[in-house]
Amino acid sequence: MNTFHPDLAGARFIPRISTGPRSARIMRRIRPRPARPGPDVTVRELVVPGPAGAPPVSLRVFQPAGLAAPAPALLWTHGGGFIFGVPEQDDRRNIAFARQLGITVAAVRYRLAPGSPAPAAVEDAYAALRGLTAHADELHIDVGRIAIGGASAGGGITAALALLAHDRAEIRPVFQLLVYPMLDDRTTTRADLNTRDLRLWNAKSNRYAWSAYLGAAVAGPDVSPYAAAARREDLSGLPPAWIGVGTLDLFHDEDVDYARRLNDSGVPCELHIVPGAFHLFDKVFHKAEISRTFWHRQVKALADALTGSP
């Protein structure tokens with residue numbers, strides 16, 4: 001029996017392919033065409049200082065045209081299993097956030113594994129967060145209303161960034177938007193998962209990506225929570241969160257568990273579970289009603305957190 005959500009029934013025709021060294025190299029060579037934001041949203045590249053001893057970090061910044069007063073901002077981190085991906089792949093999402101919410105959206109261009117293993121990505125994201133606040137006056141950003149967000153590996157980097165920002169106590173994001181986040185390297189050791197209906201990201205891809213990011217430390221006792229946020233035992237004091245994931249996503253169990261642990265630690269976390277949805281379902285079937293609902297849930301969560309308008 002088909003277990004996919006009716007809106008996603010076409011997923012049964014998606015090949016069961018895995019990501020490895022060769023396919024990751026090919027994906028890193030792909031450069032999505034930047035989206036045209038239209039006259040009501042501007043886009044620019046902002047380069048800020050990188051982590052100590054590392055290259056500068058570039059941000060792809062979207063803003064409502066004519067923004068002149070301090071407004072909220074979202075620092076967005078793209079997905080790609082830590083091993084590929086670029087900010088341009090999420091242009092349409094980020095343009096829509098800027099347009100619908102009247103906020104600045106800055107997408108970080110972080111270093112990728114295996115060339116730059118952990119903690120390079122999260123340190124780049126932190127440098128981007130610092131750079132965004134340093135340019136707050138120029139960009140008309142209200143530094144008291146900055147959210148952080150990301151999808152897949154970007155969601156994992158975002159969750160780790162929330163920990164890093166909390167511990168360094170320099171900048172305090174007010175919210176974390178985690179879209180089917182990649183949080184726990186220990187999922188690579190699980191043999192009890194039903195993988196029949198996984199699409200676009202499976203257990204083999206997951207093992208390769210975490211190994212590229214963590215090296216020999218993967219699934220061992222010494223992985224830093226700044227690399228895999230689920231490794232953190234004490235989650236108290238973190239910004240409120242929203243987590244969305246499908247029941248047919250490899251990350252379902254780790255995401256549900258992380259949401260529970262956040263709430264148990266006194267951190268409000270809204271968990272949105274999508275029945276019969278696979279990893280990246282909303283990008284593959286972006287016009288489906290279930291995908292539109294998933295998007296509107298994210299917009300509402302950000303609106304509630306940043307603008308106070310439900």
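Just above, that's the structure.
Residues numbered from 1 in each chain as written. Predicted model: local features only at pLDDT ≥ 70, side-chain atom pairs only at ≥ 80, totals over all residues. Heavy atoms only, no water.

A. View of the packing of aromatic side chains. All told, the structure shown has 10 aromatic pairs when counted by the stated rule. Their ring planes at 15° and their centres at 6.1 Å tell us that Tyr180 and Phe294 sit as a pair that is stacked. Pair noted here: Tyr180 is in the loop between β6 (175-179) and α6 (203-214) and Phe294 is in helix α9 (residues 289-307), with a separation of 114 residues, a long-range link. Just as Tyr180 is buried, Phe294 falls in that class too. Ring pairs connect the aromatic residues Tyr180, Trp242, Phe281 and Phe294, which therefore count as one cluster. For Arg168, the ring lying beneath its charged end belongs to Tyr126, and the centroid distance is 4.8 Å. (Phe/Tyr/Trp six-rings, centres within 6.5 Å; stacked < 30°, edge-to-face > 60°. Helix = DSSP H or I, 4+ residues; strand = E, 2+ residues; numbered from the N terminus. Buried < 20%, exposed > 50% of the residue type's maximum accessible area, 1.4 Å probe, protein only. Lys NZ or Arg CZ within 6 Å of the ring centre and 35° of its normal.)

B. Expanded view of the pattern of salt bridges. Here the structure, examined in full by the defined rule, presents 22 salt bridges. Arg60 is the salt-bridge partner of Glu45, the closest N and O atoms lying 3.3 Å from each other. Of the two residues, Glu45 sits in strand β1 (residues 41-48) while Arg60 sits in strand β2 (residues 57-64), which places them 15 residues apart along the sequence. The partly exposed category is assigned to Glu45, whose relative accessible area is 38%. Under the relative-accessibility criterion, Arg60 is labelled buried at 8%. Among the ionic pairs, Arg109 bridges to Glu88, the shortest N-O distance being 2.9 Å. Residue Arg109 is found in strand β4 (residues 104-109), and its partner Glu88 is found in the loop between β3 (71-77) and α2 (91-101); the two are separated by 21 residues along the sequence. The class for Arg109 is partly exposed, based on a relative accessible area of 30%. Take Glu88: its relative accessible area is 14%, and that puts it in the buried class. (Salt bridge = Lys/Arg side-chain N within 4 Å of Asp/Glu carboxyl O.)

C. Inspection of the side chain of Glu88 at higher detail. Polar contacts involving the side chain of Glu88 include one to the side chain of Arg109, which spans 2.9 Å. Sequence-distant contacts of Glu88, defined by excluding residues within four places in its chain, comprise Pro32, Pro34, Glu45, Arg60 and Arg109. (Polar contact = N/O pair within 3.5 Å; in protein donor to acceptor, adjacent residues only side chain to side chain. Contact = heavy atoms within 4.5 Å.)

D. Highlighting the packing of α2 against α9. Here α2 crosses α9 at 50°, and the two axes come no closer than 11 Å. Here α2 is positioned oblique relative to α9, judged by the angle of their axes. Regarding α2 and α9, the two cross each other, and that crossing is right-handed. Taken together, the residues of α9 that come into contact with α2 (itself represented by Arg93, Ala96, Phe97, Gln100 and Leu101) are Trp295, Gln298, Val299, Leu302, Ala303 and Thr307. Classifying every residue of the contact of α2 with α9 gives seven nonpolar, three polar and one charged. (Axes fitted to C-alpha atoms, helices over the stretch in contact; angles between N-to-C directions. Parallel < 35°, antiparallel > 145°, perpendicular 65-115°, else oblique. Left-handed = near helix turned anticlockwise from the far one by under 90°. Nonpolar A, V, L, I, M, F, W, Y, C, P; charged D, E, K, R; others polar.)

E. Region of interest: the environment of Gly237. Note on placement: Gly237 falls in the loop between α6 and β7 (241-248). With 25 residues separating them along the chain, Gly237 and Leu262 place their C-alpha atoms 9.5 Å apart. Ignoring anything within four residues of it in the chain, the contact list for Gly237 reads His166 and Val267.

F. Representation of α9 within the structure. Compared with an ideal rise of 1.5 Å per residue, which puts 19 residues at 27 Å, α9 spans 26 Å between its outermost C-alpha atoms and is within 8% of the ideal. Every buried residue of α9 is accounted for by Ile290, Ser291, Phe294, Trp295, Gln298, Val299, Ala301, Leu302, Ala303 and Leu306. At the C-terminal side of α9, Gly308 shows a positive phi close to 70°. (Expected span 1.5 Å × (residues − 1).)

G. Structural detail: the environment of Ala230. Within the secondary structure, Ala230 is located in the loop between α6 and β7. Taking relative accessible area as the criterion, Ala230 reaches 8% and is therefore assigned buried. Sequence separation of Ala230 and Asp255 is 25 residues, and the distance between their C-alpha atoms is 8.9 Å. Once you skip the residues sitting within four places of it in the chain, Ala230 turns out to touch Leu183, Asp184, Arg186, Tyr258 and Arg261.

H. Seen up close, the packing of helix α3 (residues 120-134) against helix α5 (residues 153-168). At a closest axis distance of 9 Å, the pairing of α3 and α5 adopts a crossing angle of 60°. Between α3 and α5 the crossing geometry is right-handed. Along its contact with α3, which presents Ala121, Val122, Glu123, Ala125, Tyr126 and Leu129, the element α5 presents Ile157, Ala160, Leu161, Leu164, Ala165 and Arg168. Split into classes, the residues belonging to the contact of α3 with α5 amount to 10 nonpolar, no polar and two charged.

I. Local environment of the sheet that holds β7. If you trace the eight strands from one edge of the open sheet to the other, you get β1-β2-β4-β3-β5-β6-β7-β8, paired in mixed fashion. Across the chains shown, the open sheet's two edge strands, defined by having one partner strand only, are β1 and β8 (269-278). In this sheet, adjacent strand axes meet at a mean angle of 20° when their direction is disregarded. (Pairing = 2+ DSSP bridges.)

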